[in-house]
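Chains, contacts and geometry: an overview
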Number of protein chains: 2
Amino acid sequence: MAHKYVYLFSEGNASMRNLLGGKGAGLAEMTGLGLPVPQGFTVSTEACTRYYEDGQMIAPEIVGQIDEALAKVEEINGKKLGDANDPFLVSVRSGARASMPGMMDTILNLGLNDETVLGLAKKTNNERFAYDSYRRFIQMFSDVVMEVEKPKFEAILDAVKEENGAKLDTDLTADNLKEVVKRYKALYLKEKGTEFPQNPKEQLMEAIKAVFRSWDNPRAIVYRRLNDIPGDWGTAVNVQAMVFGNMGNDCGTGVAFTRDPSTGEKRLYGEYLINAQGEDVVAGIRTPHPIDKLKEDMPEVYDQFVNTAKILEDHYRDMQDMEYTIQNGKLFMLQTRNGKRTAASALKIACDLVEEGMITKEEALLKIDPKSLDALLHPTFDPTAIKKAKSIAAGLAASPGAAYGRVYFNADDAVAASERGEKVVLVRLETSPEDIEGMHVSEGILTARGGMTSHAAVVARGMGTCCVAGCSDVRVFESKGYCTIASEKVSEGDWISLDGSTGKIYLGAIDTKPAEVSGNFATIMGWADEYRKLQVYTNADSPADAAKAVEFGAQGIGLTRTEHMFFNPDRIPAMREMIVSKNEDERRKALAKILPMQVEDFKGIYKAMEGRPVTIRFLDPPLHEFLPTEEDDIVALANEMNISVEDLKGTIASLHEFNPMMGHRGCRLAVTYPEIAEMQTRAVITAAVEVREETGLNIVPEIMIPLVGEVKELKYVKDIVVATAKAVMEEKNVQIEYKVGTMIEIPRACITADEIATEAEFFSFGTNDLTQMTFGFSRDDASKFLGEYYSKKIYESDPFARVDQKGVGKLMEMAVELGRKSRPNLKLGICGEHGGDPSSVEFCHKLGLNYVSCSPFRVPIAKLAAAQAAIKDKK
Amino acid sequence: MAHKYVYLFSEGNASMRNLLGGKGAGLAEMTGLGLPVPQGFTVSTEACTRYYEDGQMIAPEIVGQIDEALAKVEEINGKKLGDANDPFLVSVRSGARASMPGMMDTILNLGLNDETVLGLAKKTNNERFAYDSYRRFIQMFSDVVMEVEKPKFEAILDAVKEENGAKLDTDLTADNLKEVVKRYKALYLKEKGTEFPQNPKEQLMEAIKAVFRSWDNPRAIVYRRLNDIPGDWGTAVNVQAMVFGNMGNDCGTGVAFTRDPSTGEKRLYGEYLINAQGEDVVAGIRTPHPIDKLKEDMPEVYDQFVNTAKILEDHYRDMQDMEYTIQNGKLFMLQTRNGKRTAASALKIACDLVEEGMITKEEALLKIDPKSLDALLHPTFDPTAIKKAKSIAAGLAASPGAAYGRVYFNADDAVAASERGEKVVLVRLETSPEDIEGMHVSEGILTARGGMTSHAAVVARGMGTCCVAGCSDVRVFESKGYCTIASEKVSEGDWISLDGSTGKIYLGAIDTKPAEVSGNFATIMGWADEYRKLQVYTNADSPADAAKAVEFGAQGIGLTRTEHMFFNPDRIPAMREMIVSKNEDERRKALAKILPMQVEDFKGIYKAMEGRPVTIRFLDPPLHEFLPTEEDDIVALANEMNISVEDLKGTIASLHEFNPMMGHRGCRLAVTYPEIAEMQTRAVITAAVEVREETGLNIVPEIMIPLVGEVKELKYVKDIVVATAKAVMEEKNVQIEYKVGTMIEIPRACITADEIATEAEFFSFGTNDLTQMTFGFSRDDASKFLGEYYSKKIYESDPFARVDQKGVGKLMEMAVELGRKSRPNLKLGICGEHGGDPSSVEFCHKLGLNYVSCSPFRVPIAKLAAAQAAIKDKK
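Okay, so let's go over this structure. Keep in mind that what you see is a predicted model, and the values were worked out from it rather than measured.

Here we come to the sheet that holds strand 5 (residues 235-241) of chain B. Residue and element names in this part refer to chain B. Taken in spatial order, the 5 strands line up as 1-2-5-3-4 in an open sheet, and their pairing is antiparallel. Two strands bound the open sheet, and with one partner strand each, they are strand 1 (6-8) and strand 4 (107-110). Averaged over all adjacent pairs, the angle separating strand axes in this sheet is 25°, with direction ignored. Pairing analysis gives 2 bridges linking strand 3 (residues 90-96) to strand 4, with the strands arranged antiparallel. The residue of strand 4 that forms the bridge with Val-92 is Ile-107.

Below is the structure:
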């Protein structure tokens with residue numbers, strides 16, 4: 001038998017979502033439940049895939065199956081498509097597996113033409129209704145299928161209204177509408193060079209193709225990428241008998257939720273319009289009524305709807321979002337699906353459903369999108385204020401939250417303004433470690449350059465500060481005190497607002513409301529803790545970060561970047577002195593100044609973590625990052641250090657690198673300057689000893705050597721660490737337990753992980769660098785061409801946001817396998833940006849890692865994602 | 001039984017070379033052959049490894065075995081170490097598996113002290129001889145074992161000579177020598193704070209330890225790295241009964257070869273000194289006699305030696321390098337080994353030995369070091385001229401050959417000087433593609449910066465031009481018209497000489513002699529062709545390169561870098577126009593100008609290759625490489641292009657990359673600007689069509705897409721290639737066969753090679769980039785820290801010169817396996833710098849690649865290495 005591509009609603013059910021799409025599966029399931037659904041059929045997602053395989057054409061066998069299904073549906077409805085006396089009219093709607101904005105809109109009233117419109121008028125005895133339906137169809141079909149722009153049709157409608165003194169569409173008479181149809185068809189002829197298609201069968205096939213095409217329109221591609229929807233899923237097409245909400249006052253149409261989608265409150269929530277078709281609700285010309293009014297208008301229909309809603313919620317065991325139409329007092333269900341909801345209501349609904357005994361805790365956990373938790377932990381714009389605002393540009397949604405403030409273009413000005421009590425938004429071409437203080441005092445950060453893992457993005461996420469990064473519409477003229485954002489000029493001190501969750505930028509100050517974490521949040525986190533197998537650590541470079549993360553439930557620190565501590569203005573001089581040292585002696589002198597600061601840093605972090613594991617990464621960035629690049633700063637530094645400008649410039653030049661990402665950094669620094677590793681070891685151990693003495697906390701520091709690619713390299717540095725630790729403990733006459741491990745962030749480390757594990761007590765995947773090396777592109781530079789890669793469907797998701805399982809993941813798998821072979825009790829974690837990405841967390845669970853580590857604000861997300869991974873795994 | 005660490009000569013043989021070292025195995029084998037060898041024992045290489053494992057000490061069990069062996073040797077010789085009446089004296093010499101300069105020198109006369117010297121004097125009835133031997137021993141032991149500098153001893157000797165009016169050492173009397181001994185011992189006491197060791201057993205153990213230590217001295221480490229000798233081999237120590245060539249005129253010592261090591265001629269070749277110890281020959285105070293004179297002096301000994309030499313050559317079936325001593329008219333053999341020889345003589349000897357029926361062709365091929373062929377293909381310094389020259393500095397031996405010329409500091413001046421008829425050496429900080437023309441006219445190239453795979457090195461090797469790269473002693477002051485090399489100032493127009501085979505730099509002009517390729521070369525290449533399985537292709541960017549490579553026997557082109565063609569001054573304008581284009585239309589216009597040039601390039605190459613396969617790589621470098629960086633040049637270009645300087649600077653700024661190596665290059669260019677790939681495809685196909693029409697040659701071009709990391713990326717570009725090729729063929733109404741494949745140079749390409757092979761018809765490993773990404777360091781930047789890595793024994797060889805089999809090799813293996821799984825007839829090659837490195841060629845053979853591709857001058861090396869790999873494989 002030939003492969004089945006087309007299913008009657010009566011042939012499907014909810015479990016066939018992948019094949020029929022969400023909408024099609026819902027219609028089939030409702031049909032099965034005996035609910036009133038206008039009958040029709042679904043052309044499957046496989047037909048969509050086949051359409052693309054066949055070079056964008058619908059194969060004859062599929063056309064045959066559509067014909068067959070149509071015939072059966074015509075029989076059920078007792079009407080025939082194109083019947084001049086009593087035409088069968090249908091709607092055509094797209095329906096992918098996951099709800100997907102950006103795809104084709106609905107086409108209603110398909111089947112109308114110059115002939116059938118007469119039959120419809122006669123049959124309904126309502127000429128106005130028939131021509132109103134026809135003109136709507138022409139416009140929708142032309143716009144959606146044939147790409148004739150909507151405003152051209154609107155202009156005609158407005159002209160006819162004006163000519164006839166009509167204010168509203170409903171003021172137009174049947175004759176007026178005939179005139180509209182005439183002009184619409186003329187417009188179509190002019191635009192497309194052919195008559196508006198009169199053959200209903202042709203209309204149908206064109207509409208189906210338009211749905212398939214829309215799967216690959218640019219908006220849909222972007223949406224899929226942002227929402228991790230694979231491009232090969234395809235969309236289904238639903239062809240359904242029309243029912244009319246616009247045939248009189250016993251008709252209507254509306255949408256409703258079984259619970260309040262903003263609060264989660266258990267009550268029917270929705271709205272409806274009397275005597276209207278679906279698009280009228282959306283168009284906003286008439287204000288819809290709350291659904292309660294239906295109770296007054298049509299009590300029986302209301303009761304029936306309440307009952308139906310309950311059936312559906314009980315059946316799906318989740319809050320439902322439904323569409324319905326009432327035709328001549330009769331209720332028809334057009335769609336049901338699990339309703340979208342705010343993060344807060346998602347938590348409440350999940351908790352309520354468990355309490356109501358409708359679902360288990362495991363099911364509740366699976367219902368919550370981990371990423372949505374972000375919104376609970378950060379301020380958001382006031383919903384009414386933001387509705388009126390119009391964004392002027394958008395960048396990358398680099399760190400969530402909403403913020404407003406006065407614009408400043410460098411860290412010093414930002415700090416000064418903040419000290420004056422101003423709210424600040426820092427706008428820069430890109431940020432660098434020297435901007436840290438300015439970033440700290442800012443409400444939000446906007447950069448013109450850099451991706452999701454640029455300095456600005458990473459640091460902002462760590463701080464929990466709103467950040468929009470890499471907005472190419474922003475041009476910064478720092479020295480002139482202004483920037484342009486798209487076509488707007490924004491001067492120092494002007495107000496702007498940023499939404500770090502959407503990437504949007506607004507002029508002026510838009511009110512925000514603070515983060516709100518409810519008791520449901522704690523409940524859900526508690527459940528997540530019960531189920532997850534992965535531990536969740538945090539990346540924290542300061543006691544404040546560490547404390548924040550503990551508050552969110554972090555179980556340890558997976559990454560402390562020791563270098564971040566040295567960009568502080570009161571510390572960087574010692575660091576620079578170390579860098580410009582001419583020999584080991586000078587270097588040791590400078591390091592001796594750094595040591596006590598580093599000890600204090602570590603003590604603060606140990607105390608904040610209260611005995612939880614703390615992983616400390618040794619100095620990682622290339623040394624030139626600590627040196628100034630501007631002439632003025634170089635002169636100032638030379639004076640400060642009492643060396644000649646020439647000399648300093650020589651040092652800076654000698655540190656220049658062609659490809660700093662692949663240069664003298666990571667453990668390579670410790671190999672060439674062992675005294676740096678000695679100082680850092682001394683600080684790690686001394687701090688642990690002192691904290692134990694002061695608080696009784698038993699600290700077991702984990703020293704992490706970065707950028708290792710060869711076991712001998714690790715051993716060389718480890719030998720220094722062990723010798724120094726031993727010396728410190730002997731001096732202090734105490735014993736401290738500690739571990740030495742490595743970042744796995746170089747492909748060669750994965751390939752030779754068996755050897756490396758002989759020396760490393762733990763591995764922590766540094767998936768940022770590993771991704772760079774595996775793909776051979778740097779995250780800073782890749783943003784220039786990745787756009788083309790997405791639009792050309794070469795990559796579907798940002799490998800820096802989501803672990804590339806096929807390439808990078810394969811290397812990780814290799815490292816896990818080889819590493820555990822050499823050292824069965826090897827501790828395994830991840831500390832790259834991916835540690836807070838749900839799909840990557842799931843992957844880490846599958847790999848069998850011990851923990852994921854992410855920025856403090858992502859800890860709850862990682863915990864939930866880890867629980868979901870464990871639950872899915874059990875199934 | 002305990003592990004055996006010490007072997008009497010009579011317990012070993014030639015097959016135990018790994019254990020006994022080269023010298024030890026030779027002494028054992030000669031002992032077995034019944035030749036006159038002073039007896040002794042060898043402390044094995046395993047003892048050396050054990051010495052390091054035990055923290056630089058000799059384990060008691062090994063000490064025990066040494067004692068035992070010593071006792072047996074004392075018995076054989078009938079004397080005892082330290083016997084005051086008739087002391088047993090020994091020599092101590094190092095002996096690794098491979099001959100290794102930089103290791104410990106010989107110690108003679110060990111066993112002498114204040115007491116035994118008297119016994120020796122009495123026994124030999126020659127007081128002068130006894131004290132001469134003692135003073136020599138003190139000096140050697142102090143220098144070699146205890147690190148008291150030799151010149152201090154020489155000063156004493158000179159002083160005593162002067163005080164006594166002696167001109168030569170031999171003029172000194174026994175009493176004079178007693179005074180020397182006295183002063184030597186005083187010096188030792190002063191320098192070391194203890195008396196010169198009098199206990200012969202202690203002397204012996206210290207000497208053995210000194211040999212072990214010398215295995216890890218910096219010179220030895222460097223030598224090992226340059227010669228691919230693993231650090232864990234260790235060295236053996238030979239302790240042997242002394243025989244004396246300095247006991248009178250019936251004594252002597254010398255070295256000899258069974259054939260002439262410079263020409264290969266079959267005649268005994270060597271020299272000897274009457275009444276002398278080995279070191280006198282080396283010291284050059286007395287001029288040794290040619291060995292023929294021995295025939296006159298001691299005809300019987302001479303005959304015995306000729307006979308011995310024949311026995312040894314027949315036995316080892318190779319030219320032998322022998323050391324011997326004659327004591328009181330009796331011949332003793334001290335060493336035999338396969339003799340070092342010049343490249344030319346190596347070929348002659350190999351051919352002769354085959355002709356003489358002594359060895360097979362396979363054995364002959366294995367006897368020749370592939371790397372040595374380089375010397376035959378390039379000029380070398382005149383041997384007498386170079387003997388007198390002293391190098392002032394050394395850089396990397398980046399491209400072999402010797403050259404002299406007048407110094408110029410930029411390409412334009414070099415070209416101008418060359419046009420005036422001058423011989424030119426180009427000296428630059430580093431070279432860039434814009435220097436190509438200047439490099440072409442130069443005899444030699446010297447750079448201050450960059451490694452073995454820097455631009456200068458790669459291009460020079462391709463051209464066959466001598467190059468010394470990355471000499472950190474060179475500072476270039478281009479604008480001031482001079483440079484400094486170490487402490488010397490060298491001005492424009494001054495003469496210098498370079499040796500690209502050693503990296504040495506000389507002041508002044510040193511005569512060179514041209515390359516000499518003999519008939520033996522052709523014979524050997526012919527044999528290599530019989531045995532090798534790998535095909536050998538070449539990397540060639542011009543018809544001249546291609547023709548050169550064909551002359552050397554290249555079987556195809558594995559890499560044509562299309563971009564090199566565009567740095568020509570008459571071409572770069574069109575390229576720049578393309579780059580600064582604001583849109584596709586402008587870009588297409590500029591590309592249309594480039595197209596005919598590219599067609600001509602390819603036609604020239606196709607014709608030179610006469611129908612052999614030609615692999616053409618599409619545009620690879622980031623576009624900013626084609627734009628100027630200096631203000632003046634930017635202004636000039638802006639004028640030339642009729643755009644504003646601001647505008648051009650904006651374009652240059654927008655093309656800036658943080659890590660160009662990991663930026664917008666390779667196939668990423670074709671993805672964003674498909675029109676570039678279209679133009680290049682059009683050129684490849686058009687050229688093939690035209691060459692076929694003009695010459696009848698059937699050209700099957702292989703289009704190579706660089707930097708692929710994902711199959712969809714390759715498919716996207718391949719689709720453009722296929723569509724364009726089809727269009728061109730339709731326009732011209734012809735059919736041309738062609739292939740589309742990819743470079744494998746990104747780790748992800750190796751990991752997903754099964755997918756990539758579904759689209760690629762061939763893979764070519766780009767091991768330069770693959771090495772960079774796998775290790776996570778860029779070749780340009782790594783030179784700053786790799787030195788430390790070598791000296792700290794983390795890496796033993798340069799991964800850019802020799803394939804890192806453990807890391808990069810593993811990825812290659814993966815790619816081969818996965819690729820062939822998807823496409824069994826996948827054509828596999830390598831086109832990185834490694835294609836001309838013998839050990840890497842052997843690895844490629846083992847991997848089962850189809851070909852290696854290297855620069856034209858390395859083709860013979862690769863062929864021989866491929867033959868050796870195949871022969872070893874058969875064994």
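Having put the structure on the table, let's press on.
Take the pattern of salt bridges next. Per the counting criterion, the structure on display carries 146 salt bridges over all chains. Glu-363 of chain A is paired through a salt bridge with Arg-317 of chain A; the nearest N and O atoms lie 2.6 Å apart. With a gap of 46 residues between them, Glu-363 of chain A in helix 14 (residues 361-367) and Arg-317 of chain A in the loop between helix 12 (299-316) and strand 9 (320-327) connect regions that are remote in the sequence. Asp-321 of chain B serves as the salt-bridge partner of Arg-337 of chain B, at 3.2 Å between the closest nitrogen and oxygen. One end of the pair, Arg-337 of chain B, is in strand 10 (residues 330-338); the other, Asp-321 of chain B, is in strand 9 (residues 320-327), and 16 residues separate them in sequence. The class for Arg-337 of chain B is partly exposed, based on a relative accessible area of 33%. Taken together, the shared-partner salt bridges connect Asp-132, Arg-135, Arg-136, Lys-161 and Asp-169 of chain A into one network.

Residue and element names in this part refer to chain A. Positive phi, normally seen in glycine, also occurs at Asn-125, with a value near 55°. Residue position: Asn-125 is located in the loop between helix 4 (116-124) and helix 5 (127-145). Of note, the phi angle at Glu-610 is positive, near 50°, even though the residue is not glycine. Inspection of the secondary structure assignment puts Glu-610 in the loop between helix 23 (584-609) and strand 26 (614-617).

What counts, and at which threshold
- Residues numbered from 1 in each chain as written.
- Chains lettered and ligands numbered in written order.
- Predicted model: local features only at pLDDT ≥ 70, side-chain atom pairs only at ≥ 80, totals over all residues.
- Heavy atoms only, no water.
- Pairing = 2+ DSSP bridges.
- Helix = DSSP H or I, 4+ residues; strand = E, 2+ residues; numbered from the N terminus.
- Axes fitted to C-alpha atoms, helices over the stretch in contact; angles between N-to-C directions.
- Salt bridge = Lys/Arg side-chain N within 4 Å of Asp/Glu carboxyl O.
- Buried < 20%, exposed > 50% of the residue type's maximum accessible area, 1.4 Å probe, protein only.

By themselves, these are just geometric observations and shouldn't be taken as functional.
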